[in-house]
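# Structural description and commentary
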Amino acid sequence: MKGLRLFLAGTISSLFLIACTNQGIEGGQVGVYVDKPILFGHGGVREEVESTGRVITWITTNVRQVSIKPETITVHIDDMMTANKVPLDFDIAVTIQIRGPKDASYLIREFNSGPLGAFSNFIMPGADADQGAIKNPSGEFMSYLRDKIRHYHMDEFMIGLTADGHVSSAARDTEEGLREYINKFLESRKVPVMVTNIALGRANPPLEVSSALSRTAEQVQLKTTEEARKQAQESRKAAENASAIADKAYKEGLGLTNEQWLKKSELDTVLKVCGSATKDLHDSEGGKNGCTFVYGQALPTIALH
């Protein structure tokens, strides 16, 4: 009898092990139970969700993982026309996230997808957001961008300045407007996913436009350099004229002739270079630089070091 009980216990344990499966849920994910009974029971998606860890379920139950952390999609768009008829290319980073962990079962039940899949199905139909990069999508995303960008000059996206030289808010307004528009659209379709951030990357014009802009920038820089050089020359000329006028007024104030003025200028230069004088020239100090003056026919002796 005891042997029979052991046999039955072993058989039941074996059947239990065969009928069950051990599944893991990774960090940043929640698990959603999807039942697919073979002979009895009810199938479908359960309301409850499971947090990170390992769970044991019947072999007829699958645990689908749904991300609850922010995920970023890179969207590349070609030829978005601006107000001045120049097409620009953009790389846009879109960060999305499920509204809450409990919404994971709703996503699986209603859309058979996680946040990325549901987002792309409604905002970018036909795009596979699970790949992390989308090129030239259609749908609400493109519709809003196309209408928004055509109201701005290309410079407002490329160098961040308006036509009159003020700082442009084109990029920031486009990012905020697109995020608000998409979130309202998702909410109206009862999709529990939200856009947390949109970053408009650098705008790139066609090659021929980019080359023309480079040539223009070089010409502007050259003109700026020439104007700066001209201004410096004019400033130097003005300073020299002012100095000459001041010297003339000083000479006339002392009542000196031109020859006397030249002699005074020579003495001032000597005193500046070789020494400093007191009020009484007989008390002149020795030259600071050790100058030696030789008068008459004698030649000066220069020491070589």
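Our subject in this report is the structure included herewith. (Residues numbered from 1 in each chain as written. Predicted model: local features only at pLDDT ≥ 70, side-chain atom pairs only at ≥ 80, totals over all residues. Heavy atoms only, no water.)

### Describing the pairing of strand β2 (residues 29-35)
- Burial analysis of β2 places seven of its seven residues in the buried class, the great majority of the element.
- Side chains Gln-29, Gly-31, Tyr-33 and Asp-35 project from β2 onto one buried face, and the interleaved Val-30, Val-32 and Val-34 project onto a second face that is buried too.
- Here β2 pairs with strand β5 (residues 61-67) via seven bridges, running antiparallel. The partner of Gly-31 across the bridge, within β5, is Gln-65.
- In the sheet, β2 pairs with strand β3 (residues 44-50) via four bridges, with the strands oriented antiparallel. In the strand pairing of β3, Val-32 is matched with Val-49. (Buried < 20%, exposed > 50% of the residue type's maximum accessible area, 1.4 Å probe, protein only. Helix = DSSP H or I, 4+ residues; strand = E, 2+ residues; numbered from the N terminus. Pairing = 2+ DSSP bridges.)

### Quick word on a nonpolar patch on the surface
- Taken together, the side chains of Ile-159, Leu-161 and Val-167 present a nonpolar region at the surface, about 300 Å² in accessible area.
- Residue placement: Leu-161 occurs in the loop between α5 (155-158) and α6 (170-188).
- A relative accessible area of 32% means that Leu-161 is categorised as partly exposed. (Patch = residues over 30% accessible without salt bridge, like charges linked within 9 Å, V, L, I, M, F, W, Y side chains within 5 Å. Areas by Shrake-Rupley, 256 points an atom, 1.4 Å probe, with all protein chains shown as cover. Salt bridge = Lys/Arg side-chain N within 4 Å of Asp/Glu carboxyl O.)

### Comments concerning the sheet that holds β5
- Judged by pairing direction, the sheet is antiparallel, and its three strands sit side by side in the order β3-β2-β5 without closing on themselves. Every other strand in the sheet has two partners, leaving β3 and β5 as the edge strands with one partner each. Mean inter-strand twist for the sheet, computed between neighbouring axes without regard to direction, equals 30°.
- Each of β2, β3 and β5 is contacted by helix α2 (residues 104-111), which is oriented at about 160° to β3, the strand it contacts most. (Axes fitted to C-alpha atoms, helices over the stretch in contact; angles between N-to-C directions. Contact = heavy atoms within 4.5 Å.)

### Here we look at the pattern of salt bridges
- Per the stated rule, a full pass over the model turns up five salt bridges.
- Asp-147 is the partner of Arg-150 in a salt bridge, and the nearest nitrogen-oxygen pair spans 2.9 Å.
- Exposure remark for Arg-150: the relative accessible area of 45% places this residue in the partly exposed category.
- Under the relative-accessibility criterion, Asp-147 is labelled partly exposed at 40%.
- When the shortest N-O distance is used, the salt bridge between Glu-180 and Lys-184 registers 3.3 Å. Separated by four residues within a single helix, Glu-180 and Lys-184 lie in helix α6, roughly one turn from each other.
- Salt bridges sharing common partners tie together Glu-47, Arg-109 and Glu-110.

### As for the sheet that holds strand β8 (residues 133-135)
- The strand order β8-β6-β7-β9 describes an open sheet built from four strands, whose pairing is mixed. Where the open sheet ends on each side, the last strands, each with one partner, are β8 and β9 (193-200). Across the sheet, the axes of successive neighbouring strands diverge by a mean angle of 25°, strand direction being ignored.
- The strands touched by helix α4 (residues 140-149) within the sheet are β6 (71-81) and β7 (87-98), with β6 carrying the most contacts at an inclination of about 50°.

### Overview of the environment of Ile-96
- The topology assignment puts Ile-96 in strand β7.
- Counting along the chain gives 19 residues from Ile-96 to Pro-115, while the straight-line C-alpha distance between them is 7.6 Å.

### Here's the deal with the environment of His-76
- By secondary structure assignment, the location of His-76 is in strand β6.
- His-76 gets classed as partly exposed once you look at its relative accessible area, which sits at 22%.
- Remark: the alpha-carbon pair of His-76 and Asp-89, spanning 13 residues in sequence, is separated by 7.5 Å.
- Apart from residues lying up to four places away in sequence, His-76 is in contact with Asp-89, Phe-90, Asp-91, Ile-134, Lys-135, Asn-136 and Pro-137.
- Of the polar contacts made by the side chain of His-76, one reaches the side chain of Asp-91; its length is 2.7 Å. (Polar contact = N/O pair within 3.5 Å; in protein donor to acceptor, adjacent residues only side chain to side chain.)

### Section: unusual backbone geometry
- For Asn-112, which is not glycine, the phi torsion reads 50° and is therefore positive.
- Of note, the phi angle at Lys-190 is positive, near 60°, even though the residue is not glycine.

All quantities given are derived from atomic positions and should not be read as evidence of function.
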